[in-house]
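Structural characterization, general
Chain by chain, the residues:
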Amino acid sequence: LKLAIARDEVIMTAAEGVAGAMNAWADGFFGHPIVNDWSEQLDFTTLIFRARGHHLDDRHIRNIDGSGFSASIVDTCLFIVNNHRPLLEAGRSIVLYLPKIQTAEEGALWHDILSTLEQHLGLDHCTIKTYVLVEQVEACFQLMEIRAALGKRFVGFNTGRWDYINSMADAFAWDKSFVNPNIDAITMTYGYMRSYEDRVRRA
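All of the points below concern the structure found in this document. All residue numbers here refer to positions counted from 1 along the written sequence of the relevant chain. Given that the model is predicted, a residue must reach a pLDDT of at least 70 before its local features are reported, and side-chain atom pairs must reach 80 or more before they are shown or counted; all residues, however, enter totals for whole chains, interfaces and linings. To get the side-chain values, all heavy atoms of the structure are used, and hydrogens and water are removed first.

1. Thoughts on the packing of aromatic side chains
Only centres within 6.5 Å qualify two rings of Phe, Tyr or Trp (six-membered ring in Trp) as a pair; their planes then separate them into stacked at under 30 degrees, edge-to-face at over 60, and tilted for everything else. Under the criterion given, the structure shown has nine aromatic pairs. Pairing phenylalanine 172 with phenylalanine 178 gives two aromatic rings, centres 5.0 Å apart and planes at 20°, and the pair type is stacked. Summary of the burial criterion: residues with accessible area below 20% of their type's maximum are buried, those above 50% are exposed, and those between are partly exposed, where the area comes from a 1.4 Å probe applied to protein chains only. Overall, phenylalanine 172 belongs to the partly exposed group, its relative accessible area being 29%. Assessed through its relative accessible area of 26%, phenylalanine 178 is described here as partly exposed. By way of ring pairs, the aromatic residues Trp25, Phe29 and Phe30 are connected into one cluster. As a reminder, the over-ring test applies to NZ of lysine and CZ of arginine, requiring each to be within 6 Å of the ring centre and within 35 degrees of the ring normal. Over the aromatic face of tryptophan 162 sits the side chain of arginine 161, whose NZ or CZ is 4.8 Å from the ring centroid.

In structure tokens:
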């Protein structure tokens, strides 16, 4: 990520390849390319960092008693501590993409973590923005509460198809009559997926 922000040659080469693949796809789908100048595109594209979820432990950092320590806190701190200065000096935003949030309490926990990190680094309150990936069925019933818990750092919501389908299967695992269809067949127009996307869009 530091290399990406610094526009290191290895990242720029990869970005050129990605832009080429996007244009090849778009040419077949739309009949024209969608990225005219890939290097110029990087100048105005917002960089969004996705941390791992709170349910994962980091392999390298442990609590003093040897128990696991949240991988999402490790990711967030390493990214922001190492990159906040070059991002802000370049006039860019610091934006996190938060996965796996299930409740407003978890949104409030993220807000507290980020507020503490801002205070430690001497950043203004709510300098760090958050974009929430809604991929758990529980979160769909607390969207406005999650938004409120994150306060002025909230930017928006996004939907996540695969994990939401798995979340639905987990939620209905107790019901022997529930049959989850082939996951490949469940598109965003499928009953509960259409309702899910509509709720998130409205929020």
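Now, onward.
2. Focus: the layout of surface pockets
Any empty space left between the atoms is revealed when a probe the size of a water molecule rolls over them. With a 1 Å grid laid over protein atoms only, a set of points is called a cavity when a 1.4 Å probe fits there but cannot get out and a pocket when it is open yet has protein on both sides within 12 Å along at least five of seven lines; lining residues have an atom within 4 Å of a point. Grid points are joined across faces, edges and corners, and a volume is the space filled by probe spheres set on the points. In this structure, the largest pocket encloses a volume near 350 Å³. Around the largest pocket, the lining is made up of 18 residues, and of these Ala4, Ile5, Leu47, Ile48 and Arg92 lie nearest the centre. Per the convention used, a helix needs a DSSP run of H or I reaching at least four residues, while a strand needs a run of E reaching at least two, with both numbered from the N terminus. Elements with a minimum of two residues in the lining of the largest pocket: helix 1 (2–5), helix 2 (9–29), strand 1 (48–50) and helix 4 (71–89). Residues that form the lining of the largest pocket fall into these classes: 14 nonpolar, two polar and two charged. Its boundaries defined by the atoms lining it, the second largest pocket holds a volume of some 160 Å³. Only helix 2 and helix 3 (38–44) provide two or more residues apiece to the lining of the second largest pocket. Take the lining of the second largest pocket: its biggest share by element is four residues, from helix 2. Side-chain classes are defined by residue name, with Ala, Val, Leu, Ile, Met, Phe, Trp, Tyr, Cys and Pro counting as nonpolar, Asp, Glu, Lys and Arg as charged, and the others, Gly among them, as polar. Of the residues that constitute the lining of the second largest pocket, the class distribution is seven nonpolar, two polar and no charged.

3. A closer look at the pattern of salt bridges
The salt bridge criterion pairs a side-chain nitrogen of Lys or Arg with a carboxyl oxygen of Asp or Glu, the two atoms within 4 Å. Enumeration according to the criterion identifies nine salt bridges in this entry. Salt bridges sharing common partners tie together Arg50, Lys100, Glu135 and Asp163.

4. Observations concerning the side chain of arginine 153
Looking at the element boundaries, arginine 153 is found in the loop between helix 6 (143–150) and strand 6 (154–159). Note on arginine 153: relative accessible area 0%, which makes it buried. Counting of polar contacts relies on pairs of N or O atoms within 3.5 Å, with two restrictions inside protein: one atom must be capable of donating a hydrogen and the other of accepting it, and residues adjacent in sequence are counted only when both atoms are side-chain atoms. Here the side chain of arginine 153 touches serine 115 through a polar contact of 3.2 Å, side chain to side chain. In terms of polar contacts, arginine 153 uses its side chain to reach the side chain of glutamate 118, at 2.9 Å.

5. Some words on a nonpolar patch on the surface
A grouping of Val18, Met22, Trp25, Phe29, Phe30 and Ile34 is seen on the molecular surface, where their side chains present a nonpolar patch of about 620 Å² in accessible area. With respect to the helices and strands, methionine 22 occurs in helix 2. Note on patches: the residues involved have over 30% relative accessible area and no salt bridge, like charges join within 9 Å, and the nonpolar side chains Val, Leu, Ile, Met, Phe, Trp and Tyr join within 5 Å. Only the protein chains shown count as cover for residues, with accessible areas throughout obtained via the Shrake-Rupley method and a probe of 1.4 Å.

6. Observations concerning the pairing of strand 5 (residues 128–134)
Extensive coverage of strand 5 is indicated by the burial of five of its seven residues. Whether two strands pair comes down to DSSP finding at least two bridges between them. With five bridges joining them, strand 4 (residues 94–98) and strand 5 adopt parallel strand pairing. The partner of isoleucine 94 across the bridge, within strand 5, is isoleucine 128. With helix 5 (residues 104–121) bridging strand 4 and the parallel strand 5, this β-α-β connection has right-handed handedness. Note on handedness: a crossover is taken as right-handed if, strands pointing away from the viewer, the path from the first strand over the helix to the second is clockwise.

7. Some words on the nonpolar core
Ile80, Leu96, Val132, Val134, Ile146, Phe157 and Tyr164 are the most contacted members of the largest nonpolar core, which has 32 residues in total. Elements with a contribution of two residues or more to this core: helix 4, strand 4, helix 5, strand 5, helix 6, strand 6, helix 7 (161–171) and helix 8 (191–202). Any two residues whose heavy atoms approach within 4.5 Å are treated as being in contact. Not counting chain neighbours up to four residues away, the residues in contact with valine 134 comprise Ala139, Cys140, Leu143, Phe157, Asn158, Thr159, Gly160, Tyr196 and Val200. Throughout this description, the term nonpolar core refers to a set of buried Ala, Val, Leu, Ile, Met, Phe, Trp, Tyr and Cys residues connected via side-chain atoms within 4.5 Å.

8. Section: helix 8
It helps to recall that an α-helix has 3.6 residues per turn; residues three or four apart then point in one direction. Given the number of residues in a helix, its expected span is that number minus one, multiplied by 1.5 Å. Between its first and last C-alpha atoms helix 8 spans 17 Å; for twelve residues at 1.5 Å apiece the expected length is 16 Å, and the two agree. Among all positions of helix 8, only Tyr192, Met193, Tyr196 and Val200 are buried. Buried positions in helix 8, seen along its axis, are confined to an arc of 100° and lie on one side of it. Pointing more than 90 degrees away from the buried face of helix 8 are the exposed residues Arg201 and Arg202. Directions are taken from the helix axis to each C-beta atom, and the arc is the one they span.

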